[in-house]
Amino acid sequence: MLCRSQRIYEICTRNSIPVFEAAGREGFQAVECDIHETAKDKKGKRRFVIMHDQTLNRMCGLSGKNVYQKKLTYQKIRSKYHIKTGNNIESYTKKQLRIPSLEEYLSICKRYHMKPVIEIKQKMKKDTIKRLYQSLKKAKMQNQAVVTCKYKQQLTYMRKYTRKMPLEYVRHDFTQNDLSWMKKYHINVSINKNILSDDMIQLFERNNIKINIWTINNKDQLYNFTNKGIKIVTSDDALWKE
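Residues numbered from 1 in each chain as written. Predicted model: local features only at pLDDT ≥ 70, side-chain atom pairs only at ≥ 80, totals over all residues. Heavy atoms only, no water.

**Quick word on the packing of aromatic side chains**
Taken as a whole and judged by the stated rule, the model has five aromatic pairs. Centroid distance Tyr 169 to Trp 181: 4.9 Å. Interplanar angle 65°. Geometry classified as edge-to-face. Note that Tyr 169 is positioned in strand β6 (residues 167-171) and Trp 181 in helix α7 (residues 176-185), a separation of 12 residues in sequence. Of the two residues examined, Tyr 169 and Trp 181, each falls in the buried class. An aromatic cluster of at least three residues, connected via ring pairs, comprises Tyr 169, Trp 181 and Tyr 185. In this structure, Arg 47 is placed above the aromatic ring of Tyr 74, and the distance from its NZ or CZ to the ring centre is 3.9 Å. Over the aromatic face of Tyr 68 sits the side chain of Lys 70, whose NZ or CZ is 5.7 Å from the ring centroid. (Phe/Tyr/Trp six-rings, centres within 6.5 Å; stacked < 30°, edge-to-face > 60°. Helix = DSSP H or I, 4+ residues; strand = E, 2+ residues; numbered from the N terminus. Buried < 20%, exposed > 50% of the residue type's maximum accessible area, 1.4 Å probe, protein only. Lys NZ or Arg CZ within 6 Å of the ring centre and 35° of its normal.)

**Some points on a positive patch on the surface**
There is a patch of like positive charges on the surface, built from Lys 126, Lys 130, Lys 160 and Lys 184. Topologically, Lys 160 is positioned in helix α6 (residues 152-161). Classification of Lys 160 as exposed rests on a relative accessible area of 54%. (Patch = residues over 30% accessible without salt bridge, like charges linked within 9 Å, V, L, I, M, F, W, Y side chains within 5 Å. Areas by Shrake-Rupley, 256 points an atom, 1.4 Å probe, with all protein chains shown as cover. Salt bridge = Lys/Arg side-chain N within 4 Å of Asp/Glu carboxyl O. Lys, Arg positive; Asp, Glu negative; His and termini not counted. Charge placed at Lys NZ, Arg CZ, Asp CG, Glu CD.)

**Regarding the nonpolar core**
Residues Ile 35, Leu 102, Tyr 105 and Leu 196 are the most contacted members of the largest nonpolar core, which totals 53 residues. Element by element, the count of residues in this core is highest for helix α4 (residues 102-111), at five residues. Leaving out residues up to four positions away in the same chain, Tyr 105 has contacts with Phe 20, Val 31, Glu 32, Cys 33, Ile 50, Pro 116, Val 117 and Ile 118. (Core = buried A, V, L, I, M, F, W, Y, C linked by side-chain atoms within 4.5 Å. Contact = heavy atoms within 4.5 Å.)

**Some remarks on the packing of α6 against α7**
Interhelical geometry of α6 versus α7 gives an angle of 15° and a closest axis separation of 11 Å. Between α6 and α7, the angle is such that the two are roughly parallel. With respect to the hand of their crossing, α6 and α7 are arranged in left-handed fashion. For the pair formed by α6 and α7, the contact residues are Lys 152, Leu 155, Thr 156 and Arg 159 on the first element and Asn 177, Asp 178, Trp 181 and Tyr 185 on the second. Residues of the contact of α6 with α7, tallied by class, amount to three nonpolar, two polar and three charged. (Axes fitted to C-alpha atoms, helices over the stretch in contact; angles between N-to-C directions. Parallel < 35°, antiparallel > 145°, perpendicular 65-115°, else oblique. Left-handed = near helix turned anticlockwise from the far one by under 90°. Nonpolar A, V, L, I, M, F, W, Y, C, P; charged D, E, K, R; others polar.)

**Describing the pattern of salt bridges**
Overall, the coordinates contain 12 salt bridges when judged by the stated rule. A salt bridge links Asp 173 to Arg 171; its shortest N-O distance comes to 2.5 Å. Judged by relative accessible area, Asp 173 falls into the partly exposed class, the value being 41%. For Arg 171, a relative accessible area of 12% gives the class buried. The network of salt bridges with shared partners includes Lys 152, Arg 171, Asp 173 and Asp 178.

**Some details on the pairing of β6**
A regular strand places its side chains on the two faces of the sheet in alternate fashion. Burial analysis of β6 places five of its five residues in the buried class, which makes it a mostly covered element. Side-chain alternation along β6 places Leu 167, Tyr 169 and Arg 171 on one buried face and Glu 168 and Val 170 on a second face that is also buried. Pairing analysis gives three bridges linking strand β5 (residues 146-149) to β6, with the strands arranged parallel. Paired with Val 147 across the two strands is Leu 167, which belongs to β6. Once the chain exits β5 it traverses α6 before rejoining the sheet at β6, and the crossover so formed is right-handed. Taken together, the four bridges between β6 and strand β7 (residues 188-192) define a ladder with parallel strand orientation. (Pairing = 2+ DSSP bridges. Right-handed = clockwise from strand over helix to strand, strands pointing away.)

It is worth stressing that arrangement in space is one thing and function is another; only the former is reported here.
Written out as structure tokens, the structure reads:
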């Protein structure tokens, strides 16, 4: 089961070090994060940081003009900003609430034997996707990680660097053109439970496309879909403990 760091963020806010560690302690098999790339530093190096939004404003309690990660260096983000909004914030230190780096997230996944599920939130250039793959390879996680995205081009770029890594196309809807592209590039689907019909399940199975369904937050829904053969479920809760 995949933790999307939603309701478990009652422990802390989503995409934070405490919530990733909490998912590991709860026994989730995988945990999802959202990534953005920083600006170049003085050495011309960019880094990936973990944040749901494209800006730091909402999570870091900033008012006024938007502050974009892509316009700040990694060093500036790490030294100046930390998470200020979300549940139970007062229980953690500034160090615990720093904006996580991709490397920190991967380290937590390794420690708790969780599969990294990395969602690309915006359209990234080909060289950015290459840097992401290289970062996963450097951490020796390129064969364990799953990359998800709602944009076809970014998944197509990633597929050119790796034939083994599971890739998932995030969908609120689905067309025949989607299916043809997914078959060509060996892409699986991450799909909203509200649009996943029995016919679609059979269609994906016939075409050897694995299904990740989201978001399942009660046992009745869980059993309903797993009885139909769904093996990957995204949830906000540790349903097996209820």
